[in-house]
Amino acid sequence: PIYNHVTGVFDPAETITPNEILVLEGLHPFYDERVRDLFDFKIYLDIADEVKFAWKIQRDMAERGHSLESIKASIEARKPDFAAYVDIQKEFADMVVQVLPTQLIPDDTERKVLRVRLIMKEGNSSFDPTFLFDEGSTVSWIPCGRKLTCSFPGIKFFYGPDTWYGQEVSVLEMDGQFDKLEEIIYVESHLSNTGAKFYGE
């Protein structure tokens, strides 16, 4: 069955013929163990509360005309269900993409510059974790200077091993922003196991 967000009820069921690669998305794809075990590879998007709040204010106040108080009330009302049914699913993901506030700007409230962490479980036969410079090492890299155009606050990368819900993971993190998107190719040249056929893909 297909949930209809307009009517609030289920539309008639549709038969879907799968392709070689089938992507399923939603709020609860890993909640039920029976469904979770059908996935070959699971990705969870984990957006920090501060970032969600900033994005929701931008969308709901600027684009939909909501008040700040109504936005705060809406977020608070959803927190218990989110914690009980959505947030707990990240433990089961093979890869987690975290979107976090930057650490390069003290007391940043605009949330225009972000820090993104890619958390990759080790030992998955579907992929080899991406790494920066030297697999398994701990690397902190600030590539600004002669190679990149970096205005404030710059760019900082981190790569290293860690644990996530008791499992071994590799973490690749970028904090900051690129002034020229084409310069990302320079950074890509220092990454391995990206799965890309060529830089800038």
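Check the entry above for the structure.
The notes below deal with the structure included here. The structure presented is a predicted model; accordingly, all values stated were derived computationally and were not measured.

Quick look at the overall build of the protein chain
Inference 1: Check the secondary structure of the protein chain and you find 4 helices and 10 strands.
Inference 2: Counting from the amino terminus, helix and strand elements in the protein chain follow one another as β-β-α-β-α-α-β-β-β-β-β-β-α-β.
Inference 3: Projecting the C-alpha coordinates of the protein chain onto the three principal axes gives extents of approximately 55 × 45 × 30 Å.
Inference 4: Across the 201 residues in the protein chain, those meeting the buried criterion constitute 33%.
Inference 5: Carbon and sulfur atoms make up 53% of the accessible area of the protein chain, which amounts to about 13600 Å² in all.
Inference 6: Taken as two groups, the 21 positive and 35 negative side-chain charges of the protein chain have centres that lie 5 Å from each other.

What about the packing of aromatic side chains?
Inference 1: In total, this model carries 9 aromatic pairs according to the counting rule given.
Inference 2: A centroid spacing of 6.5 Å and a plane angle of 50° characterise the contact between Phe131 and Tyr159, whose relative ring orientation is tilted. Highlighted residues: Phe131 in strand β6 (residues 131-132) and Tyr159 in strand β8 (residues 155-164), separated in sequence by 28 residues.
Inference 3: Tyr159 gets classed as buried once you look at its relative accessible area, which sits at 1%.
Inference 4: Positioned above the aromatic ring of Phe92, the side-chain terminus of Arg36 is 3.6 Å from the ring centre.
Inference 5: Over the ring of Phe82 we find Lys52; its NZ or CZ atom is 3.9 Å from the centre of that ring.

Concerning the sheet that holds strand β3 (residues 43-47)
Inference 1: On the basis of which strands lie adjacent, the open sheet formed by 6 strands has the order β3-β4-β5-β9-β8-β7 and mixed pairing. Two strands lie at the open edges of the sheet, namely β3 and β7 (139-141), each paired on one side alone. Direction aside, the axes of adjacent strands within the sheet are offset by 15° on average.
Inference 2: As defined by bridge partners, β8 adjoins strand β9 (residues 167-176) across 10 bridges and the pair is classed as antiparallel. If you follow Gly160 over to β9, its bridge partner there is Val171.

Rules and cut-offs
Residues numbered from 1 in each chain as written. Predicted model: local features only at pLDDT ≥ 70, side-chain atom pairs only at ≥ 80, totals over all residues. Heavy atoms only, no water. Helix = DSSP H or I, 4+ residues; strand = E, 2+ residues; numbered from the N terminus. Buried < 20%, exposed > 50% of the residue type's maximum accessible area, 1.4 Å probe, protein only. Areas by Shrake-Rupley, 256 points an atom, 1.4 Å probe, with all protein chains shown as cover. Lys, Arg positive; Asp, Glu negative; His and termini not counted. Charge placed at Lys NZ, Arg CZ, Asp CG, Glu CD. Phe/Tyr/Trp six-rings, centres within 6.5 Å; stacked < 30°, edge-to-face > 60°. Lys NZ or Arg CZ within 6 Å of the ring centre and 35° of its normal. Pairing = 2+ DSSP bridges. Axes fitted to C-alpha atoms, helices over the stretch in contact; angles between N-to-C directions.

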